[in-house]
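# Inside the fold
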Amino acid sequence: MFGQMMNTPLLISSLLVHAEKAHSRGEIVSRNPEGGIHRYTYADAARRARKLANALSTLGVQPQDRVATLAWNTHRHYELYYAVSGSGAILHTLNPRLFPEQIVYILNHAENSVLFVDAQFLPLIEKLKDQLPLLRHIVVMTPADKLPASSLPLISYEALLDAADDQYQWPEFDENTAATLCYTSGTTGHPKGVLYSHRSTVIHAMAAMAKDALGIGNASALLPVVPMFHVNAWGVPYAATAAGAKLVLPGAGMDGASLYELIDAESVDLLLGVPTVWQGLLQYCDKEDLMLEPVCDVVIGGSAAPISMIKAFHEKHDAFVIHAWGMTELSPIGTVNCRTQAMLEMEDDERFRLQAKQGRPVFGVDIRIVDDQGNAKPHDGVAFGRLQVKGPWIASGYYKQEGGKEWQDGWFDTGDVATIDEQGYMAIVDRAKDVIKSGGEWISSIDVENIAVGHPAVAECAVVGVPHPKWDERPLLLVVTRPDATLTKEEMLAFLDGKIAKWWMPDDVLFVDSLPHTPTGKLLKRQLRDEYQGVYQ
Ligand code: ADP
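The structure displayed is predicted, hence computed values, not measured ones.

## Topic: the domain arrangement of the protein chain
By a widespread convention, an interface's size corresponds to the accessible area lost as its parts come together. Domains assigned within the protein chain are domain 1 (8–198), domain 2 (364–431) and domain 3 (436–531). Domain 1 and domain 3 are separated by 40 Å when their C-alpha centres are compared. The partner domain 3 presents 5 residues to the 7 residues of domain 1 that form the contact. Taken together, the two surfaces of domain 1 and domain 3 that pack against each other cover about 500 Å², and 63% of this comes from carbon and sulfur. Our count for the contact surface shared by domain 1 and domain 3 stands at 0 salt bridges. At the boundary of domain 1 and domain 3, one finds 1 residue pair in polar contact (both at pLDDT 80 or more).

Structure representation (structure tokens):
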């Protein structure tokens, strides 16, 4: 016997329809790439998204066509999120930081015929256009009078909207229909596409809103600095819409000064982004002697949040760090380290240590750790193994790719190595490929980095395993110092002494001007391993 409940499909358009009805005055504030701040309501956004849906059909976009975007976090990008998926096409967000060859590969692999692009990225497309035979229309996300001169035929986003009707009925279809497409940056081989469905996106948004997940409510004013081209900005544009929260979009202004200005002017109380962005903001606040008054919570994910950062937000800004872990294949939320009753009773240092863990799975995600043969390992906080996950917003394969070694027995193998303790807290030890194997034992490069970056003279650092004649591999620490700071190898090692096991101590410390990153801002350790492979020989 089935239950007798309505089988209403979970569609992305329903989030915006809801916001228009229930949160019509909720605000969306956006820093325009062409200058100035744009401010409007969910009702305005819904009207413009309907116009855009009509405009897409005049451009010849059919259901399930992939429509690409190459854009910052702005209100126009937000409109595309709803108009493209809502009309039944597939929103394909592209990361402008990818190598040009990867952009060509991805646009051709996804067979995009329409591209929406911020003016700043147009020169890149002009350079690549000859290699993009399928691309028919390029829409620049500007008013008509700001359309740049170009060798390519361009359409102005605002002109397109001006010409469109605002009456549009969002179509109803199967909730399992594909809605958005995002490629992982792929440090080896070609980038791989993750194809989200309407259902997975809506369920993920509802989970993300929960108090013990990202905690997005109607009274929230949130600033997703995580880009809308990276895993749908962690699903925030959907969750904020369902809640009717004030959504503040930073445009191209990711530097400390621009972020501070927006946080202060818009009374932002919830920040979301990767550690490197917060490093910039914290440094700016230190330099200018400023406090992030309105901020209550900072969600940090994408890379490990070091204890020094968790502490700085607490001590200098009275803000609580919610450490989260996820990945493109997980839409992206997997685990979240939320506030707990027990934390209230902890001394600061004990709580900081707990907050440095990546947290517990949110309801909907199941996690486990296994050895190389796939046998489950105990959740005792000590045993570590390959982290595997399953759940309704986790990819079951890659776009246009058969099978995949990442999927076994219904679990997705994340490629991360982790521990899980008795209470369910997961802590990332390392990426499986980055873990350092020294004399048959493992060293967590992340743990050493997180401690080293706590030294006041260190701006950024990386620890990599380098071949060693006796121990297989030994750690090498690469440090970028802060401007005007001085640091010696001896001082760095003395700082680590007593904080990590003796045999984890890097054999050498090298000072470098900068470190290489992936297009999603993670350390490119493979390149470092190649570059420094001879240092211990
Ligand atoms: P890409 O694969 O394109 O670099 P993802 O965002 O999908 O981008 O990367 C996911 C990976 O990022 C995870 O598998 C994990 O290694 C790392 N990661 C994400 N969040 C954290 C975190 N809080 N702490 C440590 N590592 C993290």
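## Let's talk about the site of the ligand
Near the ligand lie 17 residues; those nearest to it are Ser185, Ala324, Thr328, Asp416 and Arg431. The separation between a nitrogen atom of the ligand and a polar main-chain atom of Gly302 is 3.0 Å. Contact between the ligand and Thr520: an oxygen atom at 2.9 Å from a side-chain N or O atom of the residue. When the ligand sits alone it has 570 Å² of accessible area, and the protein chains cover 91% of it. Among the residues making up the shell around the ligand, the classes are represented as 4 nonpolar, 10 polar and 3 charged.

## Some details on the packing of aromatic side chains
This model, assessed by the stated rule, comprises 13 aromatic pairs. Each ring, one from Trp278 and one from Phe313, has its centre 6.4 Å from the other, and the planes form 80°; the classification is edge-to-face. Pair noted here: Trp278 is in helix H11 (residues 275–288) and Phe313 is in helix H12 (residues 307–317), with a separation of 35 residues, a long-range link. The residues Trp278 and Phe313 share a single accessibility class, namely buried.

## Re the layout of surface pockets
There is about 1,200 Å³ of room inside the second largest pocket. Around the second largest pocket, the lining comprises 41 residues; the ones closest to its centre are Pro306, Ile307, Ser308, Asn450 and Ile451. Contributions of two or more residues to the lining of the second largest pocket are made by H11, H12, helix H14 (348–355), strand E21 (426–431) and helix H15 (445–452). Among the elements that line the lining of the second largest pocket, the one with the most residues is H12, at 8 residues.

## Points about empty space enclosed by the protein
According to the stated counting rule, one finds 2 cavities of 30 Å³ or more in the structure shown. Each pocket or cavity is described by its volume, and for the largest cavity that value is around 70 Å³. Along its surface, the largest cavity is lined by Thr93, Leu94, Asn95, Leu98, Ile106, Cys182, Tyr183, Ser185, Phe229, His230 and Thr520. For the lining of the largest cavity, the residue count by class is 6 nonpolar, 5 polar and no charged.

## Considerations on the sheet that holds strand E10 (residues 221–224)
Sheet architecture is open: 9 strands sit in the order E2-E1-E11-E10-E12-E13-E14-E15-E16, paired in mixed fashion. Because the sheet does not close on itself, it has two edges, and the strands there are strand E2 (37–41) and strand E16 (360–361). Of the strand pairs in this sheet, strand E1 (residues 27–31) and strand E11 (residues 246–249) are connected by 3 bridges, and their pairing is parallel. Pairing of Ile28 across the sheet is with Leu247, part of E11. Docked against the sheet, H14 engages strand E14 (320–326) and strand E15 (333–337), running at close to 20° with respect to E14.

## Points about unusual backbone geometry
Going from Ser331 to Pro332, the amide bond is cis rather than trans, its omega being 10°. Relative to the elements of secondary structure, Pro332 occurs in the loop between E14 and E15. Phi angles above zero are rare outside glycine, and Asp289 is one such case at about 55°. Along the chain, the position of Asp289 falls in the loop between H11 and strand E13 (297–300). Note on Asp289: relative accessible area 69%, which makes it exposed. The backbone phi angle of Asp318 is positive, close to 50°, even though this residue is not glycine. Here Asp318 shows up in the loop between H12 and E14.

## Re the pairing of E10
On E10, burial covers both faces: Ala221 and Leu223 on one face and Leu222 and Pro224 on the other are all buried. Of the strand pairs in this sheet, E10 and E11 are connected by 2 bridges, and their pairing is parallel. Paired with Leu222 across the strands is Leu247, a residue of E11. Strand direction decides the pairing type here: E10 and strand E12 (residues 270–273), joined by 3 bridges, are parallel. When the sheet's bridge partners are listed, Leu222 is paired in E12 with Leu270.

So, how was this worked out
- Residues numbered from 1 in each chain as written.
- Predicted model: local features only at pLDDT ≥ 70, side-chain atom pairs only at ≥ 80, totals over all residues.
- Heavy atoms only, no water.
- Domains from an automatic or database assignment.
- Contact = heavy atoms within 4.5 Å.
- Buried area = accessible area lost by both parts, 1.4 Å probe.
- Salt bridge = Lys/Arg side-chain N within 4 Å of Asp/Glu carboxyl O.
- Polar contact = N/O pair within 3.5 Å; in protein donor to acceptor, adjacent residues only side chain to side chain.
- Near = heavy atom within 4 Å.
- Areas by Shrake-Rupley, 256 points an atom, 1.4 Å probe, with all protein chains shown as cover.
- Nonpolar A, V, L, I, M, F, W, Y, C, P; charged D, E, K, R; others polar.
- Phe/Tyr/Trp six-rings, centres within 6.5 Å; stacked < 30°, edge-to-face > 60°.
- Helix = DSSP H or I, 4+ residues; strand = E, 2+ residues; numbered from the N terminus.
- Buried < 20%, exposed > 50% of the residue type's maximum accessible area, 1.4 Å probe, protein only.
- 1 Å grid on protein atoms, 1.4 Å probe; cavity = no way out; pocket = protein on both sides within 12 Å on 5 of 7 lines; lining within 4 Å.
- Points joined across faces, edges and corners; volume = space filled by probe spheres on them.
- Pairing = 2+ DSSP bridges.
- Axes fitted to C-alpha atoms, helices over the stretch in contact; angles between N-to-C directions.

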